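# Summary of the model geometry
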Amino acid sequence: MDALSAVSAARLSHLPVTAAEFLTDTLLLTGAGTALTIYNTHTHTIQSKLIRALPNFQRIHGIIVQKRESPHTTQPTVLVFGSKSWSVITVGTEDGSAAIVQSQHTMRDWIKAAHWALDEASGRWLVALAFAHNDVVVYDPESGAEEWRAQCEEHCILYAAAFHGRTVAEMEVASGTVFNQVLIWKPQRITSSSSSSGASTDSPVIWRLRGHEGVVFGLCFSHDGRRIASVSDDRTVRLWDLENGTAVSALFGHQARIWTCLLLDHLIVSASEDGTCRVWSNQGVLVDAWTQAKKNVWALATNPSQTLVASGAADGSVRIWRVGEAGGRLIDADGLFAEPMPAQEEYLAGVRATEHIRGLALLGGSGGLLAVMDSGCVLRKDAGSGWRVWAHVPEGYAMVAGSVSGQLAAVGQRDGCVMLVCPAWGDSPRAARLHSSAVRHLAIVAPPANEPGDDLYDLITVDSDHQAVWSRVRLSGGQSAWSVVATLEMPENANFSAAAVSLALGWAAVGSTKGALYIYDVPTDLVECLVDEYDVDRNDVAHLDVAVCWASAHDKFTVSSLLIHQLPPSDNDNCDYGDDQGARKRCVLVTGGRDGMMQRFVLEIAHTVCASRDSKHERTGPLANQPDNDQNRRTAVVSRISSQRLTAGWVEQLVLLGANEIHAVTFYRKHMALIDPNGLKLLSIACAGGNKQWHLTRTSENHIRCAFLKKSQLLTYDLLPPPNHTLANCSSCYLTPGISSLDIRSITAMGNLIALGGEDCVVRVYEYAKSALHLRAQGRRHGSAIRCVVFVTPHCLLSAGGNSELRCWRLDGSSLLESAVAPTQSSDSLRIMQLALIPHGNHSEYTLIAAAYSDASIRLWRLDPLNGFTCVASDNQHTHAHCVLSLAVLSYGDSTVLLSGATDGQVILWDVSVYTRPTASLSHAGDLGPPICVLPGIHQSGVNTMDVKHLADSRALLASGGDDNSLTVCELDLSITGLNVDGNVDVVVRRATYACAHASSVQGVEFMTDGGVCSVATDQRVAKWAVSADGEELSIELEDMGFTQVADPSAMSVVRLDNVDVCLVAGIGIEAIDI
Amino acid sequence: MGKSSKDKRDVYYRLAKEQGWRARSAFKLLQVDEEFNIFQGVTRAVDLCAAPGSWSQVLSKELQKNNTDTNEPPQIVAVDLQAMAPLPGVTQIQGDITKLSTAEQIVSHFDGAQADLVVSDGAPDVTGLHDLDEYIQAQLILAALNITTHVLRKGGTFVAKIFRGKDVTLLYAQLKIFFRTVHVAKPRSSRNSSIEAFIVCLEYNPPEDYVPNMANPLMDVPYGPDQPIVGSNRVIVPFVACGDLRGFDADMTYPLEIDDDEPYHQRDPMQMPISPPYKKALELKRANFYN
């Protein structure tokens, strides 16, 4: 009977991380479900994994490392506890491999805290456990035998407890009660004489700490035991002085309940339901907020030297944070270098007003600077030398822009000239007249770092007449290496704010101060014109028109930065785009705006001319110079694939490093921050606002420089990480990425692709390999919980859920692009509960989908590439009269039957054969009904899940799982009805019900290849049932039952992974169990 | 989300406001009674964890109906840690159900007699750690059961909310020691997707040698040879769906006009939510403390 359970969790599991503890300064232990994982935080690798650290599938809630006097004499011993059990585990060697369970023990009550305490009399290390009923029991760790026990005088349930004291005699307990108090008490042994004397044997409370306004969820003693921190339902962290039992401070800042905390020597770290860890100084000042997950960071730990904090979250992620970086390398005025500027009279003859810096740029890798002054003097400073006057600009007017590489800066002048400054060119300025009026804006588009063609820079300049000129500079070339590529159309009223161009990818984009995006198609055959031969009045270069305009892409806020880069390689380029032109044209546009958002768009060319598909996430526009013949007309399509908020302030610059790594420079409250692709703050500098002059360069992988003006002072900052550290590994990172912090409601697989959807409204596609999931792509379009995801092909996926949203996605390399969306129903509270694909003979042309709705209706949708979703039939009579929960489809011969189950326990059969035939007219919505027949009372309440298996001829088996804990199998004979016969005929030939198949509602039922049925329920059991249809009676027999560690499982799918049948279970986390 | 959105999504929420119940859970008790007739012959009832008071409302209304033939009015005692708005015909005790004094107070209200029915709709604020939530809920039920053993007459009925999670069979096993018949009931007004259900324990019949003792709370039954964690010989109690199938469906999306006679209008809840523990944190947020 234990066969399933024996291998449970072995193949794949991703569960909330509920415990963490460091074994050494680099080895980290975490607990997720019943498994203990050992990480090396230096190499970011998993050293080993102990699948069953606790008995009875109990979840690990705490890990306690035995603090030994001499670290190398014995093996490290670890106590792991959770729910009602505990284990003693030795870790084989110091490198964290081969954890071995020494003993496992099951208790009668919930363990809230555990502790190693030295019994000085015997010299033995004992284990003390604090239980939920506010009692403490001391055990021998080897035998598990009880040594003695103590009961606190306050008899109540605890949500939290903590121990302090190295020896048994010194041992103190803190209890966090359901009545909002923290009790400090010393366990006093209950002896047989004291209990028989009749006097109270309870241990008295030393300090009763009152102040919390909600239950206490977590407690942490300071190292010396003189202070304690408590966290609560009331969203506060409170600090208490245990010398006199008084409250020191209450820290407000978390946006939801706080689960646990750490009291370091100089900092306090708390972890919350709001998905963040917050870092506080001992004075109670909020130093940093580390965002980890959408919801629930459960576990915290710090290493012995307190250099690292590890946190574990509900989404299964494990993250490490460098304590020294709390505040994100907060750099205040002390860390900044004020550049001494030359005295005015040193370079300027005559008396005039005090000079100010008009514009600045960093030059080269080490200390080069350029500053344009009021007087028109262009001051330059090179590495190792002082300031000198390098050039003059007329009337002291200058717009200055510098590249991220520091290799090129440009100065735009009032006369329409553009001057280039390049350390590689030595001292000679280069200037060319590109405009007939003053240059108002400059943008330098740098090539991605470490890519071929490093030295090619694109320069977009815009003048006061709204003329935009695109020129290219090749740094390594001679004088001739600067040419004009094209001019860009600037729509009226569009105030230029940012630009990105790529000749190689064939796209250009411009952003405006009103939040609009303008996209240009760049032809391959552009003829460049050398700047020296360029005549601003003749315009002898190509003029590019706007192909797509997207107004308010960043609301009404300035689009501050744009990047165009290649889509990562895709597996199926040839499937969707037959010709090279199409494939060449697909790329990603990343935008940053002063609304604090970073967005990603896919730019591509569609060959079909469809009616305008403009929607919330898509804009289209015709290409210029199209052939007249309709067949070959093409359309530019811009679709938004993601949108994320990076800051409460402004995103001012996006920096592309390598092919995909985007860093963002943000400004908020006069702090500039550099944010890495994982959302980690690499540094934060107190400076002036983002609208003041500033420039940031990254001249090598590790060297970041920035310069800005603050109160007329030129300040610079150099970030050079310590030797032998790259910027990446000296910052915080994920050891394991998360999946979803909220309930997963649907799981489906095709080949080695696994798709998930759930309460967090994100569709995620993973690739399964080597017992792990690797994120392939995700789509964020749903505004409400997703209840169902279904693969149509390995490249096409459907998702549906709340707000009656139904979407189709194209999996394209590492992008999930929405390819169609069904028109939603009027009621925003209408949910799609389930989807089913209806097989038919014309797959290449269209897909037929049945959808179950919460208003008791069923709709059939046709999906084709040209028209998207069309409703072809619906049950207008709402025959179910109850919320429809489940669907199944049966095909045999040329008949197709749709089965639907509802909350009242009824199953209804519908003939949908007509919709599958080639002749079917699927243009307008018909009536689905009347049904073939109604099967009442299949379950007492909701039919949560169904699967159907064709037997022979018109006979089939229907398996269903109900909210009534039961499993029902019915043998159906559809020949009895002759199909389409009006009136109710009972098609159920035989029926078997296993009433108490589970102890709780059955959430998933599926036929296995061997004819048996697999089921999963909220009692967290996975069961295999043998269905025998051979004898007189249909019978169901339990074959095997296992346990899943996925709490609240709400979806199940039987699939083949690694060539074996596995049951994928999804709920709070996911698991793959061999069946 | 509009103000009427919750009304559309949850028909029982709307009905509760229309019919004057303090919470939608009133329908759950009514539907349990439809199936099990738990109010039949009941003159003394106890509502544990009563706030905001919708079950006390149901008891007060239904027991009144029940006893029109006798002159004796029904006696209802509602116990909760929090104070709640007064209800006619219901005696309130603000107290802790784990305290013996509370049990004594209840019995004293019945003039020394014991109760015919004890109900409890209590549930903790869930944390999201399902094993912990289920444990705390089980402790709440065991505390309710413990006080029930002091106040319930032999043959009496006990109804309580449970979470049907991974260890629910252990709770069933514990309850079966004290009652002849134990059912798990799912009223139709409780959402299909919800983990909640109600344990209906009929015919109180404690073990012969059992002495009620508040000092020794009943501990859970652990998994062991008698209680295997998996397998068919786990203690299983029959499931009963309660409520009329023709009635409203808690999962269904209804149009706002469900009653042709009465046009829809938005109503305020009967009882505003009690002050949450994070009240201070909310006030600070509103005062822009965090920015």
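Refer to the structure printed above.
Now for a description of the structure that goes with this document. (Residues numbered from 1 in each chain as written. Chains lettered and ligands numbered in written order. Predicted model: local features only at pLDDT ≥ 70, side-chain atom pairs only at ≥ 80, totals over all residues.)

### Regarding the environment of Leu623 of chain A
Residue and element names in this part refer to chain A. Secondary-structure assignment places Leu623 in the loop between strand 52 (618-622) and strand 53 (635-645). As a C-alpha pair, Leu623 and Met672 span 49 residues in sequence and 40 Å in three-dimensional space. For Leu623, the contacting residues outside a window of four places in its chain are Asp521, Ala547, Arg634, Thr635 and Ala636. (Helix = DSSP H or I, 4+ residues; strand = E, 2+ residues; numbered from the N terminus. Contact = placed C-beta atoms within 7 Å.)

### Notes on the sheet that holds strand 26 (residues 297-302) of chain A
Residues and elements named next belong to chain A. Taken together, the 4 strands give an open sheet; going across it, the order is 26-27-28-61, and neighbouring strands pair in antiparallel fashion. Either end of the sheet is taken by a strand with one partner, and the two such strands are strand 26 and strand 61 (733-736). Here the strands of the sheet are splayed against their neighbours by 25° on average, with no regard to which way each runs. Sheet topology places strand 26 next to strand 27 (residues 308-313); 5 bridges connect them, and they run antiparallel. Paired with Leu300 across the two strands is Ser311, which belongs to strand 27. (Pairing = 2+ DSSP bridges. Axes fitted to C-alpha atoms, helices over the stretch in contact; angles between N-to-C directions.)

### A short note on the packing of helix 3 (residues 26-36) of chain B against helix 4 (residues 54-66) of chain B
All names here are of chain B. Orientation of helix 3 relative to helix 4, taken along the N-to-C sense of each, is 45°, at an axis distance of 8 Å. It follows from the interaxial angle that helix 3 and helix 4 lie oblique. The two elements helix 3 and helix 4 cross, and the hand of that crossing is right-handed. Here helix 3 contributes Ala26, Leu29, Leu30 and Asp33 to the contact with helix 4, which in turn contributes Ser54, Trp55, Gln57, Val58 and Glu62. A per-class count over the contact of helix 3 with helix 4 returns 5 nonpolar, 2 polar and 2 charged. (Parallel < 35°, antiparallel > 145°, perpendicular 65-115°, else oblique. Left-handed = near helix turned anticlockwise from the far one by under 90°. Nonpolar A, V, L, I, M, F, W, Y, C, P; charged D, E, K, R; others polar.)

### Digging into the environment of Arg862 of chain A
Residues and elements named next belong to chain A. Position of Arg862 among the secondary structure elements: in strand 72 (residues 858-864). The exposure class assigned to Arg862 is buried, which follows from the 22 C-beta atoms found within 10 Å. In this structure the C-alpha to C-alpha distance between Arg862 and Thr879, which are 17 residues apart in sequence, comes to 22 Å. (Buried ≥ 20, exposed ≤ 12 C-beta atoms within 10 Å, placed from the backbone.)

### A word on helix 6 (residues 130-151) of chain B
Under the 1.5 Å per step criterion, the end-to-end length of helix 6 of chain B is 31 Å for 22 residues, consistent within 8% with the ideal 32 Å. In terms of burial, helix 6 of chain B is largely enclosed, as 18 of its 22 residues are buried. (Expected span 1.5 Å × (residues − 1).)

### Points about the interface of chain A and chain B
Taken together, the contact pairs 58 residues of chain A with 44 residues of chain B. Of all the secondary structure elements, the ones that give two or more residues to the side of chain A that touches chain B are strand 86 (1035-1043) and strand 87 (1047-1057) of chain A. The biggest single contributor to the side of chain A that touches chain B is strand 86 of chain A, with 4 residues. In terms of residue class, the side of chain A that touches chain B is built from 17 nonpolar, 24 polar and 17 charged.

### Looking at the pairing of strand 5 (residues 45-50) of chain A
A regular strand places its side chains so that they alternate between the two faces of the sheet. Residues and elements named next belong to chain A. Bridging between strand 4 (residues 35-40) and strand 5 involves 5 bridges; their strand directions are antiparallel. Bridged to Thr37 within strand 5 is Lys49. Count of turn residues in the strand 4/strand 5 antiparallel hairpin: 4 residues, of which His44 carries a positive phi of about 60°.

### Structural notes on the sheet that holds strand 72 of chain A
Residues and elements named next belong to chain A. Pairing is mixed across the open sheet formed by 5 strands, whose spatial order is 70-71-72-73-77. The sheet terminates laterally at strand 70 (832-838) and strand 77 (926-927), the two strands that pair on one side only. Pairing geometry for strand 71 (residues 847-853) and strand 72, over 6 bridges, is antiparallel. Counterpart to Leu848 in the pairing with strand 72 is Arg862.

### Observations regarding unusual backbone geometry
Outside of glycine, negative phi angles account for most residues, and trans bonds account for most peptide bonds. Here Ala51 of chain B and Pro52 of chain B are connected by a cis peptide whose omega angle stands at 0°. Examined against the element boundaries, Pro52 of chain B turns out to sit in the loop between strand 1 (44-48) and helix 4. Of note in the backbone geometry, Ala881 of chain A takes a positive phi value of approximately 60° without being a glycine. As for its position among the elements, Ala881 of chain A is in the loop between strand 73 (868-874) and strand 74 (884-892). Notably, Gln1020 of chain A is not glycine yet its phi reads approximately 65°, a positive angle. Inspection of the secondary structure puts Gln1020 of chain A in the loop between strand 84 (1013-1017) and strand 85 (1021-1028).

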